[in-house]
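Commentary on secondary and tertiary structure
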Amino acid sequence: MIEKHIVLEDIDPVTFYGVNNAHLQMIKALYPKLRIVARDNVMRVLGDEEQMCAFEESTEKMRRHVLKFNTLNEEDIIKIVNGERPNDEFPEGVIVYNISGKPIKARGENQQKLIEAYHANDMVFAVGPAGTGKTYLSIALAVKALKEKTIKKIILSRPAVEAGEKLGFLPGDMKDKIDPYLQPLYDALEDMIPAAKLQDMMEKHIIQIAPLAFMRGRTLSDAVVILDEAQNTTPAQIRMFITRMGWNTKMIVTGDMTQVDLPREQKSGLVEALRILNGIEGISIINLNQKDIVRHKLVTRIVNAYEAFDKTKISKQQNNDESINKN
């Protein structure tokens, strides 16, 4: 008889063991010559040497399955133990799977261009209206890179600018004060990484979420760095941020030029950056539009209606200016 300790690295052990340890009980039944005791992400296994080898191989295959799909079911376990191949390959176009096992991939031509630009360039600007998947797709690409260990960390940031209303004093420590501004980033991460694993990654600073002001003085290496809501940066802020790039780093900057929440007299840093950096080798600018909106169908209609209103408003202003000049 031999004894081994098997560590379930990079996955949520709760997903592996199943609800009320249902998966673990099935695995124990499939390996009757082994005594298996699990605690956290470590399994202590004692028993027959031949069955131990088969168990180790199957456990590693199940671990990789959970790492890819964020799920594991009884059918997957039986197939793996019997030496059959479960659906463990990424279908064409799939970036990662969410916590429910649903594939995340491009939904439209411009989203596919964003993915291709990310792979071909070290810095990508993704600009478009609300609901086009800029932030969600960017975080999916970052999560994939982290799972494949081509980077060591994900760094997410956005300017702490209120959307047209003053929140006033916010109670709590610094994290409590800035979390309301960063919630959209948490939402995307929580859809792709199991809660316990996400919490562990954040505690170990593998995933870092911070307001833009916290980026000054840093050099960001071995990471995917995402700046969200960049239309609300000043020229000085965005210049500071994009020059934080270090070795083995990819940077994605997202923004919606129709939702600038800066004071009227303040110029958007994103507008200036797009003009200055257009055509620079290694930098790609992807423009998404209404066709790329993946939220409720009403969002597309709302965006179109506001766009038509803005055009009419600009046209009227131009006509008024011309009349004043003539007089």
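These numbers come from a predicted model, not from an experiment.

Turning our attention to the sheet that holds strand E6 (residues 123-127). The strands that make up a sheet are held in pairs by hydrogen bonds between backbone atoms, and each pair lies either parallel or antiparallel. Pairing in this open sheet of 6 strands is parallel, and the strands run E8-E7-E9-E10-E6-E11 from one edge to the other. With one partner strand each, in any of the chains shown, strand E8 (207-211) and strand E11 (283-287) form the two edges of the open sheet. Taking each pair of neighbouring strands and ignoring which way they run, the sheet shows an average axis angle of 15°. Judged from the 5 bridges that link them, strand E7 (residues 153-158) and strand E9 (residues 223-227) form a sheet pairing that is parallel. Note on E9: the bridge partner recorded for serine 157 is leucine 227. Lying on the sheet, helix H10 (residues 269-277) is in contact with E6, strand E10 (249-255) and E11; it crosses E6 at an angle near 130°.

A separate point is the nonpolar core. Nonpolar side chains in soluble globular proteins tend to end up buried together. Among the nonpolar cores identified, the biggest contains 38 residues, and Ile139, Leu189, Ile207 and Ile209 are the most heavily contacted of them. Top element by residues in this core is helix H6 (residues 134-147). It accounts for 8 residues. Setting aside chain neighbours within four positions, we find isoleucine 209 in contact with Leu156, Leu182, Leu185, Tyr186, Leu189 and Met202.

Here we come to the sheet that holds strand E3 (residues 42-47). Strand order in the open sheet made by the 3 strands is E1-E3-E2, with antiparallel pairing throughout. Each end of this open sheet is capped by a strand with a single partner; those strands are strand E1 (2-7) and strand E2 (34-39). The average angle at which neighbouring strand axes cross in this sheet is 15°, direction not considered. Summarising the sheet, E2 and E3 pair through 6 bridges and their orientation is antiparallel. Note on E3: the bridge partner recorded for isoleucine 36 is valine 45. Lying over the sheet, helix H3 (residues 49-69) contacts E1, E2 and E3, oriented at roughly 5° with respect to E1.

Calculation notes
Numbering of residues starts from 1 in each chain and follows the order in which that chain's sequence is written. Reporting of local features is limited, given that this is a predicted model, to residues whose pLDDT is at least 70; pairs of side-chain atoms are given and counted only at 80 or more, and all residues count toward the totals for whole chains, interfaces and linings. Water and hydrogen atoms play no part in the side-chain values, which are based on all heavy atoms of the structure. One bridge is not enough; two strands pair if DSSP finds at least two bridges between them. A helix here means a DSSP run of H or I that spans at least four residues, while a strand means a run of E at least two residues long, and both kinds are numbered starting from the N terminus. Fitted lines through C-alpha atoms serve as axes, helices being fitted only where they are in contact, and the angles separating the N-to-C directions of these axes extend from 0 to 180 degrees. The contact criterion used throughout is that any non-hydrogen atoms of two residues lie within 4.5 Å. Definition used in this section: a nonpolar core is a set of buried Ala, Val, Leu, Ile, Met, Phe, Trp, Tyr and Cys residues joined via side-chain atoms within 4.5 Å. Only protein chains enter the area calculation, which uses a 1.4 Å probe; residues under 20% of their type maximum are buried, those over 50% are exposed, and those in between are partly exposed.

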